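Below are the chains, spelled out letter by letter.
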Amino acid sequence: MLAFLTRRLLQIIPTIIIVSMLIFGLQQLLPGDPALIMAGEERDPQVLAEIRHQYRLDEPVPVQYVYWIKGVMSGNLGESMRLKASVGALVREKLPVTLQLATMALIIALGIGIPAGIVSAVKKETAWDYAANLFALWGLSTPNFWLGILLIFLFSVTLGWLPASGYVQMSENWKQSLATSIMPAFVLGNALAAVLMRHTRSAMLQAMGADYVRTARAKGLEESRVVLKHALRNAMTPVITLLALDFGTLLSGAVLTEQIFSIPGFGKLIVDSVFNRDYAVVQGVVLVTSSLYIMLNLLADIAYVLVNPRLRG
Amino acid sequence: MATTATELHEENPWARAWRRLKRRKGAMAALVVVVLLIAIAILAPWVAPYDPTKTSFGAVRKAPTWAHWFGTDEVGRDVLSRVIFGARASLSAGLVSVSIAVGAGVPLGLLAGYAGGWVDAVLSRIVDAMLAIPFLILAIALSAFLGPSLSNAMIAIGVTATPVFVRLTRGQTLGAKVEDYVEAARAVGNPHWRIALRHVLPNIVPPLLVQASLAIAGAIIAEAALSFLGLGQQPPAPSWGSMLNSAQRFIAQAPWMAFWPGFAIFFAVLSFNLLGDGLRDALDPRHK
């Protein structure tokens, strides 16, 4: 286990370094002189020279990278030019909002995707299976920003049941919080539910064909016990691991969902920063999301080994 | 996938795949829809009833009528014509960005898988790093830094989709490299580039084809998402994503503005997904 952990940790170090290089390299794509962009209306050569010196734009690119990564490692992700706040503070403020939304979406996705996957595997090639597969295709093919707009039309405009936008913290007023976040969470969870259904279906089909399931049936166990205790337990391991890989889908989806429902989270922060040319924030947000994703994958790998004694080696 | 000599005499593998694909009703329906969508996109100027950018302030936000089947938008443009012309942006984004991803990803994957050693190690780490950044977030960041336009969105989506093709090609190449026919080609003294291009590549095409079809579906959604955010197709040129953006503001007064472009995205993406699933079943007999 220790050898595995060390190997896995050593593997993510180059990945994180390359991610940081890619993110830093993004600003090299900017057309024109970044100093001119930062200066805004100002065209005084002395001011420009000062900006270049202050942001070390007069140094070679690799040197600039070293300064930047040193800052990042000491917790300094840079400054937002628009909001006049540190990127780190913005991330700390916005991340919990997105995480709350993502958690609710995950609960909805698990609640729909796993039962649908089980039913479709157990009732293979029946109307149930076809319905579950249709649901999965619908979930994978529906753009979530369209689904969001349709739900707003139905539940906010036509029926008037739910607010069309806004965000209330759980700790402030949980009823209001639920009312504002149920639609966005469903929109975000919908695609993931489809993916989960497909994963669960194929893992269950595999488990149902395994010898231990045949043994359980031969012992005369009830079918529901065979499915839920024997097959499902074994089928869930790969599904939970794959879930970590789908975390990226949730974060990508959150960008659009937050935009539609005006939720002041991570996704809205990156889009607003893009339009205000607040590049330090864009870089900071991308760096934080990818680091989160890498860590989550590491945890999933460890969990996978922990529940699979054969892999411990 | 090794094919024995007797099987080869019996039936060409592509003919067999086509026969299998034809049996799948969903995939065949999807293929017909894809061909229809491409035809509509190409023939847009002849099929669309109106000029998609022509405004008419006498017909602002009109509900669907016989004159305007899908209604009109906030400046009186015909929604049907805009949906028809929008197919051009979406389909070309799908095809161009996936071509970029295949064009860059397949050679790099072949190189990594075939050469091995440090080349493979370096390429694989870069791929890992790119895959660690969530797809849409990388595409948004790239198109933000490149500047908002449809062509930059296509480049951003293409670059973002590349690592998947590198990884898939690399894995398939590693498998094909140790097959007997590659060993034989090496034994008779073929140069490496010839073995990679003439012996390995043709044998790994099926999984690449499946991935390409699914990647087109992903690229169409990504283009719509970028245009929805204002980072893709710029107004007044029509795109399904940017139409949804303006429709959102008028959802209470003109819901038809939101319904049709979204339905078009759904329909196109569904078709490519179904086609990809069908191709996978038809090309890979192990996959059920």
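Residues numbered from 1 in each chain as written. Chains lettered and ligands numbered in written order. Predicted model: local features only at pLDDT ≥ 70, side-chain atom pairs only at ≥ 80, totals over all residues.

Some remarks on the overall build of chain A
Item 1. Within chain A one finds 13 helices and two strands.
Item 2. Seen through its C-alpha atoms, chain A measures out along the principal axes to roughly 85 × 60 × 35 Å.
Item 3. Sorting the 313 residues of chain A into buried and exposed places 37% on the buried side.
Item 4. Long-range contacts, defined here as pairs at least 24 residues apart, represent 69% of the contacts in chain A between residues at least 6 apart. (Helix = DSSP H or I, 4+ residues; strand = E, 2+ residues; numbered from the N terminus. Buried ≥ 20, exposed ≤ 12 C-beta atoms within 10 Å, placed from the backbone. Contact = placed C-beta atoms within 7 Å.)

Digging into helix H13 (residues 256-283) of chain B
Item 1. The end-to-end C-alpha separation of H13 of chain B is 40 Å, in line with the 40 Å expected for 28 residues at 1.5 Å each.
Item 2. Here H13 of chain B lies mainly inside the structure; 21 of its 28 residues are buried. (Expected span 1.5 Å × (residues − 1).)

Observations concerning the interface of chain A and chain B
Item 1. Counting residues at the interface gives 37 residues for chain A, matched by 36 residues for chain B.
Item 2. Where the side of chain A that touches chain B is concerned, the elements lending two or more residues are helix H1 (2-26), helix H6 (127-141), helix H7 (144-158), helix H11 (247-260), helix H12 (266-275) and helix H13 (279-307) of chain A.
Item 3. Ranked by residue count, the leading element in the side of chain A that touches chain B is H11 of chain A, at seven residues.
Item 4. Along the lines of polarity and charge, the residues of the side of chain A that touches chain B split into 28 nonpolar, nine polar and no charged. (Nonpolar A, V, L, I, M, F, W, Y, C, P; charged D, E, K, R; others polar.)

Describing the packing of H6 of chain A against H13 of chain B
Item 1. Packing of H6 of chain A against H13 of chain B brings their axes to within 9 Å, and their N-to-C directions diverge by 120°. Considered as vectors, H6 of chain A and H13 of chain B are oriented oblique to each other. Where H6 of chain A crosses over H13 of chain B, the handedness of that crossing is right-handed. In this structure, H6 of chain A contributes Leu-137, Leu-140 and Ser-141 of chain A to the contact, and H13 of chain B contributes Phe-266, Val-269, Leu-270, Asn-273 and Leu-274 of chain B.
Item 2. When the residues that make up the contact of H6 of chain A with H13 of chain B are grouped by side-chain class, the tally is six nonpolar, two polar and no charged. (Axes fitted to C-alpha atoms, helices over the stretch in contact; angles between N-to-C directions. Parallel < 35°, antiparallel > 145°, perpendicular 65-115°, else oblique. Left-handed = near helix turned anticlockwise from the far one by under 90°.)

Thoughts on the confidence of the model for chain B
Item 1. When pLDDT is averaged across chain B, the result is 86; 95% of the residues are at 70 or more.
Item 2. The complex prediction reports pTM at 0.87, with the ipTM value standing at 0.84. (pLDDT = per-residue confidence, 0-100.)

Details of the nonpolar core
Item 1. One finds Ala-105 and Ile-270 of chain A together with Ile-137, Ala-139, Ile-140, Ile-220 and Ala-225 of chain B to be the most contacted residues of the largest nonpolar core, which totals 169 residues.
Item 2. Broken down by element, the residue count for this core peaks at 18 residues, all from helix H5 (residues 79-115) of chain B.
Item 3. With sequence-adjacent residues up to four places away left out, Ala-225 of chain B is seen in contact with Pro-143, Phe-145 and Leu-256 of chain A together with Leu-136 and Gly-241 of chain B. (Core = buried A, V, L, I, M, F, W, Y, C linked by C-beta atoms within 7 Å.)

Concerning the packing of helix H8 (residues 150-177) of chain B against helix H11 (residues 205-229) of chain B
Residue and element names in this part refer to chain B.
Item 1. Between H8 and H11, whose axes approach to 10 Å, the crossing angle comes to 155°. When the interaxial angle is binned, H8 and H11 end up roughly antiparallel. Of the two possible hands of crossing, H8 and H11 adopt the one that is right-handed. Two secondary-structure elements touch here, H8 through Ala-153, Ile-157, Ala-161, Val-164, Phe-165, Leu-168, Thr-169 and Gln-172 and H11 through Pro-207, Leu-208, Gln-211, Ala-215, Gly-218, Ala-219, Ala-222, Glu-223 and Leu-226.
Item 2. In the contact of H8 with H11, the residues fall into twelve nonpolar, four polar and one charged.

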